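Secondary and tertiary structure notes
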Amino acid sequence: MLILTCPYCGIKADETELSPGYEAHLKRFGPDASPEEFEAYMFARKNPKGVHFERWRHAYGCGKWFLAARCTATLEVFGTYPAQVGEPPADIIDKIKARRPDWKGYK
Amino acid sequence: MSTRLAKGGRLIDRTAAMDFHFNGKVMRGFAGDTLAAALLANDQMLMGRSFKYHRPRGVVGSGPEEPNALVNLGRGARLEPNQRATTTELFDGLEATSQNHWPSLEFDVGVVNNYAARFMPAGFYYKTFIHPRPFWKHVFEPVIRRAAGLGKAPTEGDADRYEQAYAFCDVLVVGGGVAGLLAAKAAADAGQRVILLEQTATLGGRTPVDEADIDGTPVDTWIAAIESDLRARDNVTIRTRTCGFGVYDHGYVLADERVADHTPGDGRPKHRLWRIRTAKIVTATGAIERPLSFAGNDIPGVMLASAVRDYVVNHAVSPGDRTVIATNNDSAYQTALALKAAGLEVPAILDARDTATGALPEAARAAGIRVLTGRGIAKVKGGKRVTGVAVCTQAGEGAVLEEITCEAVAMSGGWSPVVHLFSHCGGKVKWDDNLSAFIPDASRPPVNHDGSPMVSVVGAAAGCLSLANILAGLRDVSGKTAIRLPDVCQTPDGSVSIPPVWVMPQGAPIQLRSKMWLDYQNDVKVSDVQLASREGYQSVEHTKRYTTLGMATDQGKLSNINGLAVLADSLNEPIPQVGTTTFRPPYTPVTIGALAGESRGEIFQPLRRTPMHEWHEKSGAYFEPVGLWHRPYCFPRAGETHEQAVHREVLNTREKLGLLDASTLGKIIVKGPDAGRFLDMLYTGVMSTLPIGKCRYGLMCNEQGFLSDDGVVARLDEETFLCHTTSGGADRIHAWMEDWLQCEWWDWKVYTANVTEQYAQIAVVGPNARKLLETLGGMDVSKETLPFMQSADGTLGGFPARVYRISFSGELSYEIAVPASQGAAFWEACHKAGASLGAMPYGTEALHVMRAEKGFIMIGDETDGTVIPQDLNLDWAISKKKADYLGKRGQARTFLASPDRWKLVGFDTLDGSAIPDGAYIVADGTNGNGQRNVQGRVTSTYHSPTLKRGIAMGLLKHGPQRMGEVVEFNTIQGETVKARVRDTVFFDKDGEKQNV
């Protein structure tokens, strides 16, 4: 059972306090989207074995959504950060690069 | 005969005799016995029958690896199948029966399978029963099911209770042998909070049996000293009878404490499941001895050498007067010496190695035991009991050199470190050629959240098989805070070497190989694995499933490595190349009761009660679950069936006055300068234009366009909306709103609050509804002041109330929200004031019937996650003007925009009956599977008491264009119901009843 630190309230939250929200940093495509764009938005997920960015909600705590960078293979957590960002914070990117030199980036 | 020795037995108390029953026979044992030890002391070597061939089986091991000695334990509400006799502590009055035989353990009809074994190789069931197909369901499966299955399922509810507890520590040590005790001490010395778990009742592990002393101190004395030292410390907790069975993410460990297995019915919980979060885990789980693969190695009386030693030393139980030892390593010589010391005979030690010159072999020779090197067992003689062994050269093909009479065989094929817990959460194992075993790879451990190693392994579990080296390695770090013990992973020191001996003799022909058991419980033999390999199975995971090797309740603890080695040899590949199967929790089976804990019966899950719940209970309501709520389904009166009650409630509401507890309805406040803009994105319709005080029905879709929830929105003031959701949808929709506000439109100024439980809500429904509110008095609810789809705040009968004039029944109807704390009082006030107006409570079923009569959709009935609003002819609630809303792009996809969609229509059955729930509308012809084609399905179907006939709604291909057409619904009985397609409004089409 994972432990993720909620970046809003600072609590090291047990997985049972959280609800998952799947892949982070997706861009929403609305009515004008092409079939390809919409398909990618709706269905195409990376599901990587390795570094992954996810959405989590501190559902049984402060109720806030946050994002987490972690390794799906080893369960190492590189960091958590508020959801109100367009891309992962630089310090987390740096940490991942240090820990996973072969990492290709989050996009 | 196996029997109790006159003296000795370090774990038993001869002053505390205990009577127990095995298959109805009364037997006697001592406190400190396991059931297996006590059975052996009573010469009960035969303990069960194997799964497939029903071969007679005796106990093989002395711990959780035991595959054979499984019993039904207890009776009635305390019956537990598949309990291992080797880990069951004896108690006075214990009752056990053996498993998998008929009519008796001694004489079992199923043993004919044994004589047919030649015709039942690996994959027999797959190969034989595949054709003809119908035979599987009606002939083969019932017969096989009757023959299969270990143990009996209890028929009564469990009489015991179970509990769960949480614990937190810096270092969790699993295993209370010498390595575990030293590891715990080292961590405790460094000031860390330590929990030590030991699966048996006593600390010390194997060392008290295998070694005479530690540094000149008797082992038991040494153990007692370190135990009392640890127990005296505030930062150490020791739990015996507690098996740490699973390692999970980020230092999460589950452990099963057998609190009262040995004292049933004493009022304590039977088991306690520990949920432990620890910074570091040290596993000191020891190693399990492996059998040798020789012909007849499953005959009762053939046991692991370590188990024989355990029974002699711990329980003073002799497996027989004469025991032959077969081994490929030095440790089995300890068994020979222990037997000799107990005054028993060891006719010979058959050592597969060409030479044996270690201290133990020399000691055996000095004790006058005949040691034969380069020898093996060609065959064990005997049926239900060992009578002797035939000796051969290990290098040969099994030619018999001599026969030795004996009652027992003690075998040792080496040791397999218990790497399970290290591997559960991603730790990798590596093959050690010197030990012929998989050991933990210290360079690839499971990791914590910060990437640091989470599990370290000490003692025999790390492949460190010599006590001297375990001591040296762990004492070195004790007390030194600079070296944190959990960083230590011990490694094999090379002092113990175990050569590979996977088949005995190495050139054994098929006649012998087909009698060499690998998996005792599932009857998998060397020849089966070799056959699988010949048939093309190369992956160990596939071979496992094909042969069922390691899939029994012992999960291959005993001899999976032997099976892997045989497979590797057949494939002509090295063992590490073939690899091992995945180790998964739990390490030993955990009873479901412990996993459920207190979550059974009334507290299985939380129950949500409305403020009026108690009134409903007192009024005899029949409840149904709606999410976690319990809602009255109907309020049956004396002598009424539920159906009659529902019909009465419907008719009374339509003719006079009905009162519904609608408190479960979701109520979400959406507030802020951007609230209207936000709701325009959430709902398919436009909410931002809603005038203050007005109500509007809205639909919510997910991004795929599928209808997700519906409800009435009221605008309370310029910046405040109250959104009603379905009863089951409130939490989900609130989370959905927060998701979009926090993650997509975080710059929009909107605040949401789920106030579902802050209000009690009552629907006052029927021709007398207005009269009731006027009787209560306090605000103007007239047609002119409060027209349909409008809301107003005021007081009613002295209660602060918000009144919505909305209707889900087609009647004149008001929904009134009052503060939750006043809900019960208001509900009673309504009933009191309504008594002369014919007021009656009604339940959810009457609500459903009335909404269906009016053709209103219900989320979950008309929708199932694949239905878009357009399918339900709800285009009127979808804005054409809005540039965007959630689901708009999804609904534009070609499949959803197709004119061939199934669409909502109503149905009148020709015979007036109600169409069965879930019925499909059949079409001409059959599909590729020979099934009848379908063109639609029923979504809501009821008997309408108002119309006195069956009514139904359903989805039908091209439905709205087929009015008047007669279609056929199928039934489960294979019959059809004919119905005429019509519109969905069955009652009061012009809405005259609600607009008064």
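Quick summary incoming for the structure in this document. (Residues numbered from 1 in each chain as written. Chains lettered and ligands numbered in written order. Predicted model: local features only at pLDDT ≥ 70, side-chain atom pairs only at ≥ 80, totals over all residues. Heavy atoms only, no water.)

**Describing the side chain of Asp-261 of chain B**
All names here are of chain B. This is how it is decided: Numbering of helices and strands starts at the N terminus; helices are DSSP runs of H or I of at least 4 residues and strands are runs of E of at least 2. Think of it in three bands: with a 1.4 Å probe and only protein chains considered, a residue is buried below 20% of the maximum accessible area for its type, exposed above 50%, and partly exposed in between. Polar contacts, as used here, are pairs of N or O atoms within 3.5 Å; protein pairs need one atom able to donate a hydrogen and one able to accept it. Residues neighboring in sequence count only if both atoms are side-chain atoms. Here a residue-residue contact requires only that any non-hydrogen atoms of the pair lie within 4.5 Å.
Structurally, Asp-261 is set in the loop between strand S15 (252-257) and strand S16 (272-283). The class of Asp-261 is buried, set by a relative accessible area of 19%. Of the polar contacts made by the side chain of Asp-261, one reaches the side chain of Lys-270; its length is 2.8 Å. Reaching out from Asp-261, the side chain makes a polar contact with the side chain of His-271 at a distance of 3.0 Å. The contacts of Asp-261, once residues within four sequence positions are left out, are Phe-91, Lys-270 and His-271.

**Quick word on the pattern of salt bridges**
Residue and element names in this part refer to chain B. Test applied: Salt bridges are counted wherever a side-chain nitrogen of Lys or Arg sits within 4 Å of a carboxyl oxygen of Asp or Glu.
Taken as a whole and judged by the stated rule, the model has 62 salt bridges over all chains. Across the salt bridge formed by Asp-523 and Arg-57, the nearest N and O atoms sit 2.9 Å from each other. Note that Asp-523 is positioned in the loop between strand S31 (517-519) and strand S32 (524-525) and Arg-57 in strand S5 (residues 56-58), a separation of 466 residues in sequence. Here the two residues Asp-523 and Arg-57 agree in accessibility, since each one is buried.

**Notes on the interface of chain A and chain B**
Going by this rule: Buried area adds together the accessible area that both of two parts lose upon being put together, with accessible area traced by a 1.4 Å probe. Gly counts as polar in this scheme, as do all residues outside two lists: the nonpolar Ala, Val, Leu, Ile, Met, Phe, Trp, Tyr, Cys and Pro, and the charged Asp, Glu, Lys and Arg.
Between chain A and chain B, the residue contacts involve 29 residues of the former and 31 residues of the latter. Across the chain A to chain B interface the summed buried area is about 2500 Å²; carbon plus sulfur atoms make up 53%. Here Arg-55 of chain A makes a salt bridge to Asp-739 of chain B, at a shortest N to O gap of 2.8 Å. Here chain A and chain B share 13 residue pairs in polar contact (both at pLDDT 80 or more) between them. Elements represented by at least two residues in the side of chain A that touches chain B include exactly helix H1 (35-42) and strand S4 (51-57) of chain A. For the side of chain A that touches chain B, the element with the most residues is H1 of chain A, which contributes 4 residues. Here the residues of the side of chain A that touches chain B are counted per class, giving 16 nonpolar, 5 polar and 8 charged.

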